[in-house]
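# Tertiary structure, described
The residues making up each chain are set out below.
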Amino acid sequence: MYRFILSSLYCTSLLALIASLPLLAKETPKAYAQCIACHGENGEGNAALSSPAIAGLSEQYLSRQLKNYASGKRGYESADSYGQQMAAISKSLDLNKDVPELAKYIATLPKPTIEQKVSGDLKNGHRYYHAKCGACHGGQGQGNSSFKAPKLAGQHFDYLARQMQNFSQGMRGKHPDDKYGRQMAMMARTVSDKELADILFFISQQ
Ligand code: HEC
Ligand code: HEC
């Protein structure tokens, strides 16, 4: 009987230990300290610094972007001052240690609530979004990892608009080895300014 109680106690504490493992994994990696000034403690971004929200983007997307900046697949044009800022920071990271740790951690941060004033035609935005973007980015802009397409919902409006411009002007997605960026650059060129304003408004309402 005692043996039974002891072994079930042992099992319970083992279970408790296993259950606490995800909490351990959530500990803030050291390298995140250098991100806070621009992206905030909770990864909410900072509109005044043009730095995007990064909280809750997928681990796979975060890791790909940090590596893209570091290898010159993103932030390669001198006219892209924000991309260049981020490229300099990424080059200082240890790609085999910091990048996986950061990507894993940032992906677990909850979706931030960003207050922003935007306007547009929701009905048109809905229509254009579903015709041109939803197949890859998901019906509510939640992202779709099978297509390597990131979450757009919850992102700063100005940042999304700037990325669309970067894609269509060759400041992002031009590098021959940036397969996913090139895909998106092709898409960006099919959208008129008027359509984009409504699409971004639709995304901001998700
Ligand atoms: C000096 C300010 C600054 C610091 C510090 C900084 N960032 Fe950034 N980050 C930016 C800006 C600005 C952009 C947008 C760049 C662009 O337009 O390509 C950005 C973009 C990103 C993106 C791309 C987001 C997306 O949706 O594609 C990721 C990921 C990112 N930063 C992660 C980090 C991490 C991790 C750190 C810390 C190691 C960090 N940043 C430190 C300013 C900063
Ligand atoms: C064929 C699939 C596909 C379609 C359709 C598509 N996208 Fe994308 N999009 C992607 C992929 C893949 C990426 C990631 C590119 C990378 O890795 O740099 C991306 C990235 C983006 C980004 C950058 C996000 C960030 O955090 O930096 C924006 C903004 C975006 N897409 C908006 C749109 C909009 C708006 C539409 C519709 C007009 C659209 N996309 C249609 C696949 C697609």
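Preceding block: the structure.
An account of the accompanying structure is given in this report. Just so it is clear, the model here is predicted, and its values are computed rather than measured.

### Section: the packing of aromatic side chains
Taken as a whole and assessed by the stated rule, the structure comprises 2 aromatic pairs. Arranged with centres 5.5 Å apart and planes meeting at 65°, the rings of tyrosine 32 and tyrosine 105 form a pair that is edge-to-face. One end of the pair, tyrosine 32, is in the loop between α1 (2-25) and α2 (36-39); the other, tyrosine 105, is in helix α5 (residues 98-108), and 73 residues separate them in sequence. With a relative accessible area of 1%, tyrosine 32 lands in the buried category. Between the aromatic rings of tyrosine 129 and phenylalanine 202, the centroid separation amounts to 5.0 Å while the plane-to-plane angle is 35°, which identifies the pairing as tilted. Remark: phenylalanine 202 occurs in helix α10 (residues 193-204) and tyrosine 129 occurs in helix α6 (residues 122-132); sequence separation between them is 73 residues.

### Re the site of ligand 2
The full set close to ligand 2 counts 25 residues, and Cys133, Cys136, His137, Tyr159 and Met184 are the nearest of them. The side chain of tyrosine 61 places a nitrogen or oxygen atom 3.1 Å from an oxygen atom of ligand 2. Tyrosine 159 has a polar side-chain atom sitting 2.6 Å from an oxygen atom of ligand 2.

### Regarding the coordination of the iron atom of ligand 2
In an ideal tetrahedron of four donors about a metal, each angle is 109.5 degrees. In an ideal octahedron of six donors, the angles are 90 or 180 degrees. Every protein donor of the iron atom of ligand 2 is listed here as His137 (NE2) and Met184 (SD), and their distances to the metal cover 2.0 to 2.1 Å. Geometry at the iron atom of ligand 2 is octahedral, judged from the 6 donor atoms that bind it and their angles of 88 to 180° at the metal. Placement of histidine 137 in helix α7 (residues 134-137) and of methionine 184 in helix α9 (residues 179-188) is noted, with a sequence separation of 47 residues between them. By the burial criterion, histidine 137 is buried, and methionine 184 matches it.

Cut-offs and rules
Residues numbered from 1 in each chain as written. Chains lettered and ligands numbered in written order. Predicted model: local features only at pLDDT ≥ 70, side-chain atom pairs only at ≥ 80, totals over all residues. Heavy atoms only, no water. Phe/Tyr/Trp six-rings, centres within 6.5 Å; stacked < 30°, edge-to-face > 60°. Helix = DSSP H or I, 4+ residues; strand = E, 2+ residues; numbered from the N terminus. Buried < 20%, exposed > 50% of the residue type's maximum accessible area, 1.4 Å probe, protein only. Near = heavy atom within 4 Å. Polar contact = N/O pair within 3.5 Å; in protein donor to acceptor, adjacent residues only side chain to side chain. Donors = N, O, S within 2.8 Å, 3.2 Å for Na, K, Ca; no water. Tetrahedral: all angles 85-135°; square planar, octahedral: opposite > 155°, others 65-115°.

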